[in-house]
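Structural overview
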Amino acid sequence: MPARPRDIVRQVGAGLVVGITGVIFAMTYGALLFAGPLERFLGYGMTITLLALLVGSLVGFFSREKAMMAGPDSNSTSVLASALAGLGTAGMAPGDMLHVALAVVFCTSLVCAATFRLLSRPTLANAVRFVPFPVMAGFLASTGWLLAGGALTIITGIPFTFEGAARLASEAGPELGAGVLVALTLFALSTRLPGSVLMPVVILVASILVNLMLASALCPGDCDPARWLFPTPPQVSWLPPWQLKLDGDMLLAVVGFVPTMLVVAFVAVLAVMLTLASLEIELKREFDLGHELRVHAGAAATAAALGGMIASASISRTALNRRSGGGAVAAVLAGSMALALLLGANQLMGYMARAALGGLVLYLGLLMLRQWVWEVRETARPVELLQILLIVAITARHGFIAGFGAGVLIACVTFVVTYSRIPLTDLATHLGILRSSVVRSSTQEEALARYGERTRIYRLSGYVFFGSANKIDGMFGERLAADTDAVIMDLSKVSGIDTSAVTVFQRILRRHVDSSVHFHLVHGPSVRRQMESLGGVAGAGKSLSFHDSLDRALEAAEEDLLVRHEGEIPEGTQMLTSKALDWRSPFEDYLETREVAEQETLCREGDRSDEVYFVESGRFDVLKQVDLEGPPVRLAKVRHGALVGELAFYSGAPRSASIVATMASSVRVMRRDALERMRKERPELATQFDHMVIRSVAGSLKRTTQMVTMLG
């Protein structure tokens, strides 16, 4: 399908805007890279950064975001420039110094390419998604701030720094006002014209007006063209890697820059991944970070082969390209400007008005500040907005990396403070309300209800660290020994615990080592080692027990309570305390006796349910296989006098759980045919048996409902 004229105009306009912006910044970075002792070779510095811009303009063809723009990055350039500045003290001849500098740039690009490729694995690349939103928003707002500050530098030629603020205020002339006027014009017309038309038209019209003014009599006598137009850049010079000449001493000098290369690689990866993650928010889409890093690895390797700097994704120019309606074609047009300058067409820059391009960059910077500071205030919490503003302030003073580091630090501190305020216990009750799965007699149930309040139960969740652990310490003050017999602390849902939190638990145990309080600790696999280390607390052995499930801990606490109050509890079982004692002898005529060995299975989950069992002696666990790979879950523990298997027996459904003897036991068995015979021979006895089953089922449902309600 042939391209429409409107699409061509949009791509050309976007390419013009992004290309001019990229060329300006590339030349700025080139001057920064070859400052100081390398200033005499400025043409080579321009070549290095323009090559990065040229290679970066092709990234959109391989990226999933066709508007993607890459080029020399301020953070990487500043790190490398500060290192190259030390060549002036090495005592090298100027020519040797140039070859060493170019070799360092070449090797740095190769190291960055290898690093990008290594980190392109999904598990590593996706780590950036864990960066908190305030950090990302602060990164985007900082980009807007630096764009606005860079715009003032473009317009006036004065670096926008804290130190240069006074100079900017005193030396800025009418050209600054013209740039602000361009920005205001863009704001005024942005609701009437699309950016793809508005931006190139405003730049073109503003540049024409400035050139006409300078050529007319309207220009005052002190009207200096250098204040209104960009200077013609110096002729570029190229020395490819294969033409570098390095002797032994020069090679050693290059090797000495390896730490710097690694730092640049780290900074570059951080900047690229942050830029990509920020672009996800800006463009409202998700990137395949591994793919994008592989694209950057290819771009860095290509730049290295040409002797250029690495090309990093640029959030400002990518957003500028996208908002201008451009894509990969516009990026190539932008790259063609870099190629034109490399081939010697550098005189064209001398006709571009500073106020035109600077006003456009100022407009874009203020637009991003409005979006990520002013508009975010409506949805962000005050603490998040404060984080964003702090990141912007630190970035403005110390750069992107410092701003990011401070942002992550602020986010960590905020998280710790906020998480410390979240309730750590999602369950706080006592044994009088929450019971184990053990089926007990009515008299034992009454005792547990009467004395259960003296056994406190807490279930913790989340990650336990020093902040949340101190809240646990506050729960176990000196008053605990006065009104508490035992404490059950369930940590099975805790995802992890740090060493400082373990010391808090040790302090709690030491505080109560001489009291009668018994601690039952439930641990999961994630905290088993840390919890079991508490057994080393002096004197804690007799007052500390470990359990692998809350149900086991509840059972142990119940047994301790029943033993403690044994003299106050009358003996009784479900069967023997029923009102049906007068028919026990005729009822037994319909039962069979079966002996069950320890660990023998009485019935299996999924079996036919043609029998119901009365536990005459011994104990059984009712087990349900929930996870095929894990151990079965205990639904109930029954002992002498209990009735089991009644629900499946009456419903006719397959067994829903297995029943396993935990010790040598004896049961009385009623078969389905025996029940049918009893209904014919003794219907009143069968009716009483039905009532007994109904009470048993009601008790089971009550225990199950209570457990689900409390633990769900």
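It should be emphasised that the depicted structure is a prediction, and the values quoted were computed from it without experimental measurement.

Another point: the sheet that holds strand β15 (residues 665-671). Backbone hydrogen bonds hold the strands of a sheet together, and the pairing may be parallel or antiparallel. Reading across from one edge, β8-β15-β10-β13 is the order of the four strands in this open sheet, with antiparallel pairing throughout. Edge positions in the open sheet fall to β8 (592-596) and β13 (643-644), since each of these has one partner strand only. Relative to β15, strand β10 (residues 611-617) is paired through six bridges, and the arrangement is antiparallel. Its bridge partner lying in β15, E611 is registered against R671.

A separate point is the environment of F689. By the element assignment, F689 lies in helix α29 (residues 683-711). According to the relative accessible area criterion, F689 is buried, its value standing at 0%. Remark: the alpha-carbon pair of F689 and L675, spanning 14 residues in sequence, is separated by 9.4 Å. With near-sequence residues (within four places) excluded, F689 lies in contact with F587, V612, F614, Y650, M670, L675 and M678.

Let's shift gears to the pairing of strand β5 (residues 486-497). Burial of β5 is extensive: nine of the twelve residues sit out of reach of the surface. One ladder, built from nine bridges, connects strand β4 (residues 455-464) with β5; its direction is parallel. Bridge pairing in β5 places I457 opposite I488. Sheet topology places β5 next to strand β6 (residues 518-523); six bridges connect them, and they run parallel. Bridging from a neighbouring strand, V487 pairs with F519 of β6.

Time to look at a positive patch on the surface. A grouping of R64, K66, R117 and R294 is seen on the molecular surface, where their side chains present a positively charged patch. As for its position among the elements, R64 is in the loop between α3 (59-62) and β1 (70-71). Under the relative-accessibility criterion, R64 is labelled partly exposed at 45%.

The next thing to look at is the sheet that holds strand β11 (residues 619-624). An order of β9-β14-β11-β12 is seen for the four strands of this open sheet, with the pairing classed as antiparallel. Looking at which strands have only one partner, the edges of the open sheet turn out to be β9 (601-603) and β12 (633-639). Going from strand to strand, the sheet's axes swing by 30° on average, the running direction of each strand aside. In this sheet, β12 lies alongside β11 in antiparallel orientation, the contact comprising six bridges. The residue of β12 that forms the bridge with V622 is A636. In the packing of helix α25 (residues 550-564) onto the sheet, contacts are made with β11 and β12, and the angle to β12 comes to roughly 25°.

The rules behind each value
Residues numbered from 1 in each chain as written. Predicted model: local features only at pLDDT ≥ 70, side-chain atom pairs only at ≥ 80, totals over all residues. Heavy atoms only, no water. Pairing = 2+ DSSP bridges. Helix = DSSP H or I, 4+ residues; strand = E, 2+ residues; numbered from the N terminus. Buried < 20%, exposed > 50% of the residue type's maximum accessible area, 1.4 Å probe, protein only. Contact = heavy atoms within 4.5 Å. Patch = residues over 30% accessible without salt bridge, like charges linked within 9 Å, V, L, I, M, F, W, Y side chains within 5 Å. Areas by Shrake-Rupley, 256 points an atom, 1.4 Å probe, with all protein chains shown as cover. Salt bridge = Lys/Arg side-chain N within 4 Å of Asp/Glu carboxyl O. Lys, Arg positive; Asp, Glu negative; His and termini not counted. Charge placed at Lys NZ, Arg CZ, Asp CG, Glu CD. Axes fitted to C-alpha atoms, helices over the stretch in contact; angles between N-to-C directions.

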